[in-house]
Structures are given as structure tokens and as C-alpha cells.
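Reading the structure
Spelled out from the first residue to the last, the chains are:
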Amino acid sequence: MSYTDSFILTVDQGTSGTKSLVFSEYGEFIARGSASLNSQYPQPGFVEQEPEEIFQTVLTSVGECLETFKNKGHSLSSIKTCGITNQRETFLLWGEDGEPLSPAVVWQCKRSVEVCKQLKRNGWETEIKRRTGLPVDPYFSGTKLSWILENVEAVRDKIKEGKAHFGTIDTWLLYRLTNGKQYLTNYTNASRTMLFNIRNLEWDAKLLDMFGLESLVLPEVAPSCFDFGETDFAGLLGHLVPISAMMGDSHAAAFGERCYSRGTAKATLGTGCSIMMNTGDELYPSVDGLIGTICWSTGDRIAYGLEGAIVSCGSTLEWLKNKLGLFKENTEIMKMAQQVESSEGVCVIPAFSGVGAPYWDMEARGVIAGLTFGAGKNHIIRAALESIPFQIKLVMDSVKESAGIELEELNVDGGISKNGFVMQQLADLLEIQVRNIGLQDISAMGAALLAGLQAGIYQNLKELEKPASDELIYSPKEDNNQIKKNYKAWQERLDIELQ
């Protein structure tokens, strides 16, 4: 099956909002719509979102996108398929009538710190890593679900009665978009729940029993390329289209960056940072603070990966802006960092919500160190920006040590990839080329490519050539001694804070 005038709609549901985009069959960006999403913080460390608001942001962004698409002279009937990508670990529960039983619990939420400590005391960490590829951390859905089971009586009763449906955001959106007809997830999102066995690709009965969740209603799990159902987006589209791909946002970015072969890697620099390397047919266990995962999957192929999750990336800059008032617009920070020759000993450890890979220390806290009377806000901003490539370097070194795979080139995407200072520092520190294909919505692109594969718009991976774009390549400078010196000092400070 092939189309001569085919377009693909993608929904990218993220932590701070939802974007909807239309791509041509040639990978060209055509139209875009967006809607912001609020988070609530009912207690210190708690982060929640309203399930209905999440769904409404999808409809709002799709409506805006389709209007733009029509205004450019295109017919809605030329949209042939749809893909969905989403914030991964965020989850919610709903009853048999489809009504949410509680707010959605966001991946940033830290309510299950004590649950994680208890799991470690009980000696479960090694077994959980072996089965799921994940370290024991509040980052993942299962421990927060366990907290709800222990602390929210009404929800606990529904779970025990077998009347609570569990879903990550892809499952919730699919359920709503198909009017409750379809209840599925995919390997990438399931792999972030701490309830899914990535070795046999099934919900893990032993872990469910250990968590007390044996009666929880769970969705069917499928590859990311799959016939998930049909939708007309509550009438906005005017005709039914197949939902042909669902995928966690970081995995979709890896696919959009064409990480199709072993050793190719990408870094998505957003609120946090997800670094993922394709390890081919080989699944590595969760070692040295890395996450063994499923990079992406089609109906006949599974590509495994190693991932390093950095908790604070863009959120560090937002804190400097909103809490300290060091700048007003993000466009200012690159110039401010370049106004000083170096950070002059100022060091920022961005452990606002603990430290992710490769340490996974949930109790670590942020630090600004090395201050003198000569230090000003430009030094702090430069040090904060440098902390981003420093954290990526830590992860890449761990990947090399664990998998023995040499990184030859890094593909970058996300909002921070616009910052040329950070990108050049990253190239200098890693001593490799850092490539930015110039498309910020790379997760949406990845979901679109997968949907196109499933729908028959593309026949195989070879057809998925990189689109024409404003590609930027940052090559390492010969003189990189200063950034290496700063990195060593930053490492030493981090080690002190984690003792």
C-alpha cells in the first residue's frame, strides 16, 4: 500500500503541555498546534495532573493543528494515520465507567521515597533490575502505585476488587480517543512501570504479587508499531484514522534521530535529559546506574537500549530564572555565559529532585559551590549550563564501561539543543561530533515515522531518510583543556555531596 498525497498526524503529550503536528510522507513539518498543561503540588514532593485536562489538551492542540493544516490548502482527508508519543512514567487509574479514580501521578513525583527504601531493605532491588531493567527509584510508576495502595483507601478497595484500570498516558489517551473500545499500551511505556518484564515482554506476575497488585486491571502490551484502533479525535478530523504507533517520548526521539543500529545514540535535553543508545539485539542489565530498556520496536524487530536519565536539565535554568531572577528570557543565557572566560571555580550540582544516572541518589540536594566575592550571576549561569554536558559525560562514560560500545557521534534534540554554548561544550568534552538536525519536535517525528511504517506509507527503515533540515554539527575544538579541568572539579564536588 502506498500513497502519493499522504500526511501523518502525531500527538506529543508532554509534562508541560501537548503538541500536535502533521508531517508529510517525506518527513516535512506541515502544521502544528499546542496547549499548555498544569501540574498541581498538593504536598512537598507530590506532583499531579488532572486526567481530563490532559485529554482536553490533546483535543485543543489537534484542533489548532488541523485548522492550520486546512489554512495551508490541504484536505483533512489526506491525513491517513496517527501516532502518539507521551511522557512515560506518569500514570493514572480509572474505574469500569472510565472515570478517573484519582489524579494522574507525574513522573517527577517523589511520594514513594520510603517505598523505595523498604524495597531495598527487603532485598528486592537486584531482582527488580533483572526483571525490569530499572533501578528502584520513585521515578518509575510501580512504587508510586504501591504508595497509593497503602495510603488511599477508596482506590485500594477498587484495586482489590479488580475494578481499577491502570494506564500510562498513552493508554489513557487511546482509551478516550476510541471511546473506551481500546485498552492497550506498548513495550516502551510498559517498560517504565516497574511491573513489566522486558525479558519475556509480559506483565510480571511475581512483581505484581510483591506490590500487592495482582488484581489490578492491566492493558494489553504491543510493539510500538501496531494497529491500536481508530479515532476521529472527537469529530475534529471528520473521518476515522488508524492509530498506528504509540511510544514513550524518549524512545520516539531515538527513532526520530534514526538510531537504528547498535552504537547510535541520542540525548533529549528538556526539563530533564534522556540519553539513549541502541544496543541492537543485546539486552544489558541495569548496571552502573544505567537503565536496560527497549529502545524501539516494530512487529518483527526489537531494538534494545541503554538509557541514562538525568533529572534536572532545563529545570535548572527555570529555577535560576523563576526563583533567583538571574535572567528574564532563555534567549539571554548563552550571551551571559559567554561574557565570562570561565565559571572561575563556581560549581552547580543540580540535584533539585535527587541525582539520576549513574548514581540514582534520591536524597541528594542541589548545591552552588565555589563562590567568591568575584563571582557574579554570569559565573553561576555558566556553571549551570556546564552542568548539562557534565551530566551527559557521566552517563556516556558509564555506557562505554558497561557495554563496551564506543560512541562515535551524538544526536541531540529538545529545547536546550538550541543553546550553542552548551552544544559546543558538549562536543569539546565528549571529543566527538554533536549533531542537531534542526527539528525540535523530534519525538513527534519518531512517532510519525513509526505510524507511517505500520500504515504502509513506508515499506522499511531504509526509506526513512533524514529529512531536509537546518542541520547543525558541532565539532570538538583542539583546545579543550579548560572544560576537562572544570569537569574534573565538578566530579570531585559531586562526589563530596554524595558521600
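Scoring rules and cut-offs
Residues numbered from 1 in each chain as written. Predicted model: local features only at pLDDT ≥ 70, side-chain atom pairs only at ≥ 80, totals over all residues. Heavy atoms only, no water. 1 Å grid on protein atoms, 1.4 Å probe; cavity = no way out; pocket = protein on both sides within 12 Å on 5 of 7 lines; lining within 4 Å. Points joined across faces, edges and corners; volume = space filled by probe spheres on them. Helix = DSSP H or I, 4+ residues; strand = E, 2+ residues; numbered from the N terminus. Nonpolar A, V, L, I, M, F, W, Y, C, P; charged D, E, K, R; others polar. Pairing = 2+ DSSP bridges. Axes fitted to C-alpha atoms, helices over the stretch in contact; angles between N-to-C directions. Contact = heavy atoms within 4.5 Å. Core = buried A, V, L, I, M, F, W, Y, C linked by side-chain atoms within 4.5 Å. Buried < 20%, exposed > 50% of the residue type's maximum accessible area, 1.4 Å probe, protein only. pLDDT = per-residue confidence, 0-100. Salt bridge = Lys/Arg side-chain N within 4 Å of Asp/Glu carboxyl O. Polar contact = N/O pair within 3.5 Å; in protein donor to acceptor, adjacent residues only side chain to side chain.

**What to know about the layout of surface pockets**
Of the volumes computed, that of the largest pocket is approximately 1,300 Å³. Taken together, 44 residues form the lining of the largest pocket, with Leu269, Gly270, Thr271, Gly414 and Gly415 sitting closest to its centre. Considering every element that reaches the lining of the largest pocket, the biggest residue donor is helix α10 (residues 314-322), with 4 residues. When grouped by side-chain class, the residues that make up the lining of the largest pocket number 11 nonpolar, 23 polar and 10 charged. Taken together, 28 residues make up the lining of the second largest pocket; nearest its centre are Tyr41, Val47, Gln108, Ser315 and Ser353. Sorting elements by how many residues they give to the lining of the second largest pocket places α10 first, with 5 residues. Taken together, the residues that form the lining of the second largest pocket break down as 12 nonpolar, 11 polar and 5 charged.

**Digging into the environment of Ala234**
Considering the arrangement of structural elements, one finds Ala234 in the loop between β13 (230-231) and β14 (241-248). When the C-alpha atoms of Ala234 and Leu177 are compared, they prove to be 7.1 Å apart, with 57 residues separating the residues in sequence.

**Side note on the sheet that holds strand β21 (residues 409-413)**
Strand-to-strand pairing in sheets goes through backbone hydrogen bonds, with the strands running parallel or antiparallel. Taken together, the 7 strands give an open sheet; going across it, the order is β17-β18-β16-β15-β21-β22-β23, and neighbouring strands pair in mixed fashion. Bordering the open sheet on either side are β17 (291-298) and β23 (472-474), each of which pairs with just one other strand. When strand polarity is set aside, the average angle formed by the axes of neighbouring strands in this sheet is 30 degrees. Across the sheet, helix α9 (residues 249-256) lies against β15 (265-269), β16 (273-280), β17, β18 (301-310) and β21, angled at about 60 degrees from β17, the strand it touches most.

**Thoughts on the nonpolar core**
In terms of nonpolar packing, the biggest core is built from 92 residues, with Trp203, Leu213, Leu216, Leu269, Ile392 and Leu410 touching the most fellow members. Ignoring any residue separated from it by four or fewer positions in sequence, one finds Leu216 in contact with Leu93, Leu145, Ile159, Ala164 and Phe166.

**Looking at empty space enclosed by the protein**
Taken as a whole and assessed by the stated rule, the structure comprises 3 cavities of 30 Å³ or more. Of the voids in this model, the largest cavity is the one considered here, and its volume is about 120 Å³. If you go around the largest cavity, you meet 16 residues; those closest to its centre are Val355, Gly356, Ala357, Gln391 and Trp490. For the lining of the largest cavity, the secondary structure elements donating two or more residues are α12 (377-403) and α15 (481-498). Per-class residue counts for the lining of the largest cavity are 12 nonpolar, 4 polar and no charged.

**Re the pairing of β18**
Counting buried positions along β18 yields 8 of 10 residues, so the element is predominantly enclosed. Alignment of β16 against β18, held across 7 bridges, turns out to be antiparallel. Looking across to β18, one finds that Ser274 is bridged to Ala309. Counting the residues in the hairpin turn of β17 and β18 gives 2 residues.

**A closer look at the confidence of the model for the chain**
Mean pLDDT for the chain: 91, with 98% of residues reaching 70 or above. The secondary-structure element of the chain with the lowest mean pLDDT is β21, recorded at 87, while helix α6 (residues 169-177) shows the highest, at 98.

**Details of the pattern of salt bridges**
Following the criterion strictly, the structure yields 24 salt bridges and no others. Residue Lys70 is joined to Glu67 by a salt bridge in which the shortest nitrogen-to-oxygen separation is 3.7 Å. Placement of both Lys70 and Glu67 in helix α1 (residues 51-71) is noted, with a separation of 3 residues, approximately one turn of the helix. Since its relative accessible area comes to 41%, Glu67 is described here as partly exposed.

**Comments concerning the sheet that holds strand β1 (residues 7-13)**
Pairing is mixed across the open sheet formed by 6 strands, whose spatial order is β3-β2-β1-β5-β14-β13. With partners counted over all chains shown, the strands left at the sheet margins are β3 (29-36) and β13, one partner each. Where helix α14 (residues 442-455) meets the sheet, it contacts β1, β2 (17-24), β5 (79-86) and β14, and its direction lies at approximately 135 degrees from that of β5.

**Digging into the side chain of Ser244**
Positionally, Ser244 belongs in strand β14. Within polar-contact distance, the side chain of Ser244 engages the side chain of Thr81 at 2.6 Å. Apart from the residues within four sequence positions on either side, Ser244 is in contact with Thr81, Cys82, Ser224, Cys225, Phe226, Phe228, Leu450, Ala451, Gln454 and Ala455.

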